[in-house]
Amino acid sequence: MAKYIFITGGVVSSLGKGITAAAIGSLLTSRGLRIRIMKLDPYLNVDPGTMSPYQHGEVYVTDDGAETDLDLGHYERFTGAPTSKKSNVTAGRIYWDVLEKERRGDYLGGTVQMIPHISNEIKSRIRALDDKDVDIILCEIGGTVGDIEGSIFLEAIREIGLEEGRDNVAYIHLTYVPFIAAAGEVKTKPSQQSVAKLREIGIMADVLICRAEVPLSMEVRKKLSLFCNVPLSSVIEETDVKHSIYEVPLVLSDQGLDELLLVHFRIARPQADLTPWRKVINAIRNPKSSVTIGVVGKYQELQDAYKSIFEALDHGCIAHSAKLNLVKIASEDLERGDTSSIENVDGILVPGGFGGRGIEGKILAIQHAREKGIPFFGICMGLQCAVIEYARNVCCLQEANSTEIEQKAADPIVCLMEEQKDVTEMGATMRLGAWDCKLTPGTKVAKAYGKSEISERHRHRYEFNNAYRDVVTEHGLTIAGTTPDGGLVEIVEIAEHPWFVAVQFHPEFKSQPFNPHPLFAGFIGAAVNREKERSG
Ligand code: GLN
C-alpha cells in the first residue's frame, strides 16, 4: 500500500508549487522510492486541454494522449515517473462523473451530496494511482487554501489522513513569507493565517515550505514553528534560486526534507545520490560557451506558453555546457518587415501553434534559416511551415499552404487526413499521445537518436500531404522519419544544411535535465558550432 504526500499552497498563487512538488518527488526517487505524482485542479473546466494558453500556459501531453496542466511537465522532467490520464483531474471532471452516475441511477435515488459523493470521487481518483510498484503518491492540490472551489479537495485529503493513518500521510504546506521593505521586516502572519485555515478543515501541516525573497532568520523560523504548529526542523526555507529551477532539489535536500519525510513514514533508505543534479547545476553555473536561439512564435508575451520548449532548450545547453541566450521573437513582427531579431542568432526554433495568425512570419524565419545555413528546428506547426516554405521557394509551388490556413489552397501540402486521396480511416480528430516512428538510416536524426525506431508524443490535426512527397524529395528534402507503415511523414530534414530538422511530434515533452532530448542536444550542438564560426 502506497503512502501519500499532499502538497497545498497558501497566501498567494504562483509560488511554484508544481516545481516544489516535482523537486520533492525527485528527492524521494533519489532515495530509491518508487513514486507517482498527480495534480488536482479545482476549476470547473472538464478537460485542461481545451483551456486557453493565454490563461493556463502550455498544454502538456502524456504518452496516453491526455492533454494536461503544464505542472505535469515539471513532474516528468524532475522525477522521470510517468504521468498519464490519471495524473491530472479537474473539479469539472469529478462533478461531471458524479452527475453522470446520478443520471444512470447508480445512487439508487439517494440524496447526492458534496460529502460523501464528491469527496469519495476525489479520493478514488487519488487512490487510482496506487499500485504494487508504487511506494509514495504525491498529490498537489491546485489553487490556494481558502479558495471556495478547493475546499472539497481539502476535505477529501483530510479523510485520506484519517483512513490511512497519520504515519502514512504527510501534509506539506507551501507558503509565502514576504519581506516588507518599508518596515525592513519579514512577516509570518499570512502563513499563520493560511495554516489556521487548514486546521479549521482538520488538516495539520507536517512540513512548512516557505517561499521567501530573503533567508529566514532563526527568530523567524521559531515564530513560524510556534504559530504554525510544526517542529522547527520542519520549517523549510525556499528562497528564489539564482541560476535555475533545477537547484530546488538540492536546496530542499540540504535542509533534510527527504530525511524528514522518511522518518515521518518510518521508512529507512540509503542516502540520496544527488550527483546527477550536481552535474546539471555545475553545467548551468559554469558554461563554456554561449548560444543565442531565436524562438519564433505567436504566444510570446506569455511566459508559460512554450514552457517545455524552453526547458528542453536548457537541457540541450546543459549537454554542451553552453549558456542559453533566448530571444523570443513574435512572428507578426517579422511579417511587418522587422527582421533584425533573426539576423544575429545561432539557431532558429519554430514551435507548435494553431490557426493562421503569424504563419507568414514563421515561414520567413525558416527561409532565412534555410538560405543562410542557420541551424533550424521545427516542431509540429514548425514542420508544417517548413514544408510550405520549401514547396513555395524551392519547388516553385507559390500557392502551397496548409488547409488550416487556406481551405482552398491550390497546393495543399499540409491538410487533414481525410482531405488526402485513398485515406478513409481517421477523422479530423487530434492525433494525440505516443506514436512510433521509423527513422531513415543515415539521416541526422537517426544519428542523433542512435536507433532506428522511436516513440514521440503528438498533438495535431493536420498532416504532411503524401501527394507532395515526390516533388519535395526530388528537390532535395529528405523524409527522415515516418510512421512504421510508412503512411505518415513524421520528420523532414535537409542533408546539405548544418542542421535543418523539422518534426511533426513534440520532442520537448520527453526531455530531462540529466537526459537531454537527442534532437535538442543536436540542435544546440549545431548552434554552438555556428557561434564558434561567427566569433572565431
Ligand atoms: N495546428 C496544427 C495542427 O493541428 C499544428 C498543431 C501543433 O503545432 N501542435 O496540425
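The coordinates are above.
Residues numbered from 1 in each chain as written. Predicted model: local features only at pLDDT ≥ 70, side-chain atom pairs only at ≥ 80, totals over all residues. Heavy atoms only, no water.

To continue, consider the overall build of the chain. The number of helices and strands found in the chain is 18 helices and 23 strands. The C-alpha atoms of the chain give a radius of gyration of 25 Å, which matches the 24 Å a tight globule of 536 residues would have. Dimensions of the chain along its principal axes, counting C-alpha atoms only, are 75 × 65 × 45 Å. For the chain, the residues scored as buried account for 56% of the 536 residues in total. Partitioning the contacts of the chain with sequence separation of at least 6, the portion at a separation of at least 24 is 74%. Here the chain contributes 59 positive and 73 negative side-chain charges, whose respective centroids are spaced 5 Å apart. (Helix = DSSP H or I, 4+ residues; strand = E, 2+ residues; numbered from the N terminus. Rg over C-alpha atoms; globule rule 2.2 N^0.38 Å. Buried < 20%, exposed > 50% of the residue type's maximum accessible area, 1.4 Å probe, protein only. Contact = heavy atoms within 4.5 Å. Lys, Arg positive; Asp, Glu negative; His and termini not counted. Charge placed at Lys NZ, Arg CZ, Asp CG, Glu CD.)

Every residue lining the ligand is accounted for by Gly-352, Gly-353, Phe-354, Cys-380, Met-381, Gln-384, Glu-404, Arg-459, His-460, Arg-461, Tyr-462 and His-506. A distance of 2.9 Å is found between an oxygen atom of the ligand and a backbone nitrogen or oxygen belonging to Gly-353. In this structure, Met-381 approaches the ligand through a main-chain N or O atom, which is 3.0 Å from an oxygen atom. Those elements giving two or more residues to the shell around the ligand turn out to be helix 15 (381-393) and strand 19 (453-460). Residue classes in the shell around the ligand are distributed as four nonpolar, five polar and three charged. (Near = heavy atom within 4 Å. Polar contact = N/O pair within 3.5 Å; in protein donor to acceptor, adjacent residues only side chain to side chain. Nonpolar A, V, L, I, M, F, W, Y, C, P; charged D, E, K, R; others polar.)

Tallied over the full model, the rule gives 40 salt bridges. A salt bridge links Lys-17 to Glu-140; its shortest N-O distance comes to 3.8 Å. Here Lys-17, found in helix 1 (residues 17-30), pairs with Glu-140, found in strand 6 (residues 136-141); they are 123 residues apart in sequence, far enough to count as distant. Note on accessibility: Lys-17 and Glu-140 belong to one class, buried. Note that Arg-103 and Glu-102 form a salt bridge whose closest N and O atoms lie 2.8 Å from each other. A relative accessible area of 68% means that Arg-103 is categorised as exposed. Residue Glu-102 is classed as partly exposed on the basis of its relative accessible area of 29%. (Salt bridge = Lys/Arg side-chain N within 4 Å of Asp/Glu carboxyl O.)

A word on the sheet that holds strand 18 (residues 431-439). Strand-to-strand pairing in sheets goes through backbone hydrogen bonds, with the strands running parallel or antiparallel. The strand order 13-12-14-15-23-22-21-18-19 describes an open sheet built from nine strands, whose pairing is mixed. The sheet is open, and its two borders are formed by strand 13 (322-330) and strand 19, each paired with just one other strand. The mean angle between the axes of side-by-side strands here comes to 25 degrees, regardless of whether they run parallel or antiparallel. Inspection of the sheet shows strand 18 paired to strand 19 by eight bridges, in the antiparallel sense. Its bridge partner being in strand 19, Ala-434 is matched across the sheet by Arg-457. Most of the contacts of helix 14 (residues 359-372) go to strand 14 (residues 347-350), to which it runs at about 145 degrees, and overall it touches strand 12 (289-297), strand 14, strand 15 (376-379) and strand 23 (500-503). (Pairing = 2+ DSSP bridges. Axes fitted to C-alpha atoms, helices over the stretch in contact; angles between N-to-C directions.)

Here we come to the packing of helix 4 (residues 91-104) against helix 5 (residues 114-127). Contact pair helix 4 / helix 5: the axes reach a minimum separation of 10 Å and the direction vectors enclose 120 degrees. When the axes of helix 4 and helix 5 are compared, the pair comes out oblique. For the crossing formed where helix 4 meets helix 5, the hand is right-handed. From helix 4, Arg-93, Ile-94, Tyr-95, Asp-97, Val-98 and Lys-101 reach across to helix 5, where they touch Met-114, His-117, Ile-118, Glu-121, Ile-122 and Arg-125. Partitioned by chemical class, the residues of the contact of helix 4 with helix 5 number six nonpolar, one polar and five charged. (Parallel < 35°, antiparallel > 145°, perpendicular 65-115°, else oblique. Left-handed = near helix turned anticlockwise from the far one by under 90°.)

Our next topic: the packing of aromatic side chains. Counted according to the given criterion, the structure contains eleven aromatic pairs. Ring plane angle 40 degrees and centroid distance 4.6 Å describe the contact between Phe-376 and Phe-500, whose orientation is recorded as tilted. Taken together, the residues Phe-376 in strand 15 and Phe-500 in strand 23 connect sequence positions 124 residues apart. Relative to Phe-523, the ring of Phe-377 lies with its centre 5.6 Å away and its plane at 50 degrees, an arrangement referred to as tilted. (Phe/Tyr/Trp six-rings, centres within 6.5 Å; stacked < 30°, edge-to-face > 60°.)

Bringing the nonpolar core into the picture now. Counting residues in hydrophobic clusters, the biggest one holds 44 residues, and the most contacted among them are Ile-5, Ile-24, Leu-28, Ile-136, Leu-138, Ile-209 and Leu-252. The biggest single contributor to this core is helix 1, with seven residues. Dropping the residues within four chain positions of it, Leu-138 is found in contact with Ile-5, Ile-7, Ala-21, Ile-24, Gly-25, Leu-28, Ile-35, Arg-36, Ile-37 and Met-38. Grouped together as the second largest cluster of nonpolar side chains are 39 residues, Val-345, Val-350, Ala-365 and Leu-416 included. (Core = buried A, V, L, I, M, F, W, Y, C linked by side-chain atoms within 4.5 Å.)

The two faces of strand 23 match: Phe-500 and Ala-502 on one face and Val-501 and Val-503 on the other face are all buried. Judged from the four bridges that link them, strand 15 and strand 23 form a sheet pairing that is parallel. Residue Ile-379 lies in a different strand from strand 23, and its bridge partner there is Val-503. One ladder, built from three bridges, connects strand 22 (residues 489-493) with strand 23; its direction is antiparallel.

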